[in-house]
Amino acid sequence: MASEDVKTSESAVSTIVNLAEEAKLARQGVKAPSYAVLTICKSLVAGGVAGGVSRTAVAPLERLKILLQVQNPHSIKYNGTIQGLKYIWRAEGLRGLFKGNGTNCARIVPNSAVKFFSYEQASKAILLFYQQQTGNDDAQLTPVLRLGAGACAGIVAMSATYPMDMVRGRLTVQTDKSPYQYRGMFHALSTVLREEGPRALYKGWLPSVIGVVPYVGLNFAVYESLKDWLIKTRPFGLVEDSELSVTTRLACGAAAGTVGQTVAYPLDVVRRRMQMVGWNNAASVITGDGRSKASLEYKGMIDTFRKTVRHEGFRALYKGLVPNSVKVVPSIAIAFVTYEQVKDILGVEMRISD
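The structure presented is a predicted model; accordingly, all values stated were derived computationally and were not measured. Residue indices begin from 1 for each chain and proceed along its sequence in written order. With the structure being a predicted model, the display of local features is reserved for residues of pLDDT at least 70 and the display and counting of side-chain atom pairs for 80 or more, all residues being used for whole-chain, interface and lining totals. The basis for every side-chain value is the complete set of non-hydrogen atoms in the structure, without hydrogens or water.

Colleague: How do you make sense of the overall build of the protein chain when you look at a structure like this?
Modeller: Secondary structure follows DSSP: runs of H or I at least 4 residues long count as helices, runs of E at least 2 residues long count as strands, and numbering of each begins at the N terminus. In terms of helices and strands, the protein chain carries 13 helices and 2 strands. A total of 354 residues make up the protein chain; the buried ones form 51% of that total. Long-range pairs, those at least 24 residues apart, make up 76% of the contacts in the protein chain with a sequence separation of at least 6. With an accessible surface of roughly 16,800 Å², the protein chain has 62% of that area assigned to carbon and sulfur atoms. Only protein chains enter the accessibility calculation, which uses a 1.4 Å probe. A residue is then buried if its area is under 20% of the maximum for its type, exposed if over 50%, and partly exposed in between. Only heavy atoms enter the contact rule, under which two residues are in contact if any of them lie within 4.5 Å. Note on areas: Shrake-Rupley with a 1.4 Å probe; residue coverage comes only from the protein chains shown.

Quick look at the structure:
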């Protein structure tokens, strides 16, 4: 039993080791762990599909959010959600609205797959530990424990794909008038690596890690807690046969996304600005038309916070919040519902109590 508990806490990176252990246990006549490789693959596919579908659906708002976060305050081109979308449409056309989405999907598919899978495995491990510590085999995850599991999942997924997020930010910001064009994700990765060094691929990583705790953690904690509360209390006839409708799941996901993004948003602004540091041929959105192409002068997370507030005011930490709020609610909701629907289609049983 102890060996099964250990295997339950393994991460996706240890899948090959788990398969070897399953074969060994089978030869010894011992029951293998409850999740086999097919179940793992199905869960990863479900998470990847959920991430790709949700991000593509809101790609124009995602791009506008980043442009608002990093644009030069002395040369404003994007001034609000509606005006910003209209400006992109006039200046760059339909392709401009989806610029950077290919790289975002290439990043978000593995990111979401690892995040959802890591959350379920972390939840199982935390629940087993909690039950052992309390001596109550019927104990369930509390909101705080769900927060911890969600934070762990977010940090693992974000760290694994962060270089792709960094270059995605630059690809999203550049326009047809940018002095130097990245031709795509791999060209951007190789160019940054060659001109700025390997550490540049992790610029803004620290505020991202810090932001993961409230953002991803609260997303999962609020979503799962709302689901449990609705199933137990059955308010307004929203629950039938212990199952939530798709509409109710969307509402839970929307509430979770709103809470998480509002708390963590200033860290997202700081991360994006740090990612632009050292870009010698930065887009005119950052440098301003007709201005010097000197590198940005942020020297770290604290320095970015301090200079942003000093020169642009506290409200600058929430630049792009409106399109992000419009974006994040359907994005998170669609991601959660798509994930669970794909799992149902594939026949994946991943309940924590199993």
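Colleague: Hey, could you run me through helix 6 (residues 101–134) in this one?
Modeller: The periodicity of an α-helix, 3.6 residues per turn, causes residues three or four positions apart to be oriented the same way. One fewer than the residue count of a helix, multiplied by 1.5 Å, yields its expected span. When the terminal C-alpha atoms of helix 6 are compared, their 46 Å separation across 34 residues agrees well with the 50 Å that a helix rising 1.5 Å per residue should span. Its axis deflected by about 25° at Ile108, helix 6 carries its strongest bend there, up to four residues before the proline Pro110. Gly135 sits one or two residues past helix 6 and shows a positive phi near 70°. A residue's bend is given by the angle between axes fitted to the 7 residues ending at it and the 7 residues starting at it.

Colleague: Would you mind going over the packing of aromatic side chains with me for this structure?
Modeller: Both the distance between ring centres and the angle between the ring planes are used here to describe each pair of aromatic rings. The criterion for an aromatic pair is that two Phe, Tyr or Trp rings (for Trp, the six-membered ring) have centres within 6.5 Å, with stacked assigned to planes under 30 degrees apart, edge-to-face to planes over 60 apart and tilted to the rest. Taken as a whole and assessed by the stated rule, the structure comprises 5 aromatic pairs. Ring geometry for Tyr182 against Trp279: centres 5.6 Å apart, planes inclined by 20°, an arrangement best described as stacked. Taken together, the residues span a long stretch of sequence, with Tyr182 in the loop between helix 7 (143–173) and helix 8 (185–196) and Trp279 in the loop between helix 10 (246–275) and helix 11 (284–287) at a distance of 97 residues. Across this residue pair, the class does not change: Tyr182 and Trp279 are buried. By way of ring pairs, the aromatic residues Tyr265, Phe314 and Tyr318 are connected into one cluster.

Colleague: Would you mind showing me how to read empty space enclosed by the protein here?
Modeller: By rolling a water-sized probe across the atoms, one finds the places where empty space is left. Every definition here rests on a 1 Å grid over the protein atoms only: cavities are sets of points where a 1.4 Å probe fits but cannot get out, pockets are open sets enclosed by protein on both sides within 12 Å along at least five of seven lines, and lining residues have some atom within 4 Å of a point. Grid points are joined across faces, edges and corners, and a volume is the space filled by probe spheres set on the points. Following the criterion strictly, the structure yields 3 cavities of 30 Å³ or more and no others. Of the volumes computed, that of the largest cavity is approximately 680 Å³. Along the wall of the largest cavity there are 40 residues; nearest its centre are Arg55, Lys115, Tyr215, Val216 and Arg271. Listing elements by their share of the lining of the largest cavity, those giving two or more residues are helix 3 (37–57), helix 4 (59–70), helix 6, helix 7, helix 9 (205–233), helix 10 and helix 13 (321–346). With 8 residues, the top contributor of residues to the lining of the largest cavity is helix 9. A class-by-class count of the residues in the lining of the largest cavity yields 17 nonpolar, 12 polar and 11 charged. Polar here means any residue other than Ala, Val, Leu, Ile, Met, Phe, Trp, Tyr, Cys and Pro, which are nonpolar, and Asp, Glu, Lys and Arg, which are charged; Gly is therefore polar.

Colleague: What am I meant to see in helix 4 here?
Modeller: Over its 12 residues, helix 4 extends 17 Å from the first C-alpha to the last, a length consistent with the 16 Å expected when each residue adds 1.5 Å. In terms of burial, helix 4 is a largely internal element, 12 of the 12 residues being buried. Turning to helix 4, its buried residues number three or more, namely Ala59, Pro60, Leu61, Glu62, Arg63, Leu64, Lys65, Ile66, Leu67, Leu68, Gln69 and Val70.

Colleague: I'm lost on a nonpolar patch on the surface in this one. Help?
Modeller: Together, Tyr202, Trp205, Leu206 and Ile210 make up an exposed nonpolar region whose accessible area comes to about 350 Å². Mapping Tyr202 onto the fold places it in the loop between helix 8 and helix 9. Each patch is built from residues that are more than 30% exposed by relative accessible area and take part in no salt bridge. Like charges join if they lie within 9 Å; nonpolar side chains (Val, Leu, Ile, Met, Phe, Trp, Tyr) join within 5 Å. Basic side-chain nitrogens of Lys or Arg form a salt bridge, by our definition, when they fall within 4 Å of a carboxyl oxygen of Asp or Glu.

Colleague: Can you walk me through the packing of helix 6 against helix 9 in this structure?
Modeller: Two numbers describe a pair of packed helices, the interaxial angle and the distance between the axes. Helix axes are fitted only over the stretch in contact, all axes being lines through C-alpha atoms; the angle between N-to-C directions runs from 0 to 180 degrees. One way to put it is that helix 6 packs onto helix 9 with a least axis distance of 13 Å and a crossing angle of 60°. Relative to helix 9, the element helix 6 is oriented oblique. Helix 6 and helix 9 meet at a crossing whose hand is right-handed. Between helix 6, through Lys115, Phe116 and Tyr119, and helix 9, the contact on the second element is made entirely by Val216, Phe220 and Glu224. For the contact of helix 6 with helix 9, the class distribution of residues is 4 nonpolar, no polar and 2 charged. Roughly parallel covers angles under 35 degrees, roughly antiparallel covers those over 145, roughly perpendicular covers 65 to 115, and oblique covers all other angles. Handedness of a crossing follows from how the near helix is turned relative to the far one, being left-handed for an anticlockwise turn of less than a right angle and right-handed for a clockwise one.

Colleague: Teacher, can you tell me more about the side chain of Thr103 here?
Modeller: Structurally, the position occupied by Thr103 is in helix 6. Here Thr103 is in contact with Met164, Arg168, Leu171 and Met185, once residues within four sequence places are set aside.

Colleague: Would you mind showing me how to read the environment of Ile126 here?
Modeller: Mapped onto the fold, Ile126 is located in helix 6. The contacts of Ile126, once residues within four sequence positions are left out, are Leu141, Leu145, Gly148 and Ala149.

Colleague: Would you explain the environment of Gly169 in this entry?
Modeller: Mapped onto the fold, Gly169 is located in helix 7. Distance from Gly169 to Gln275, taken between C-alpha atoms, is 7.4 Å for residues 106 residues apart in sequence. If near-sequence neighbours (up to four positions away) are discounted, Gly169 is found in contact with Ile66, Arg272, Gln275 and Met276.

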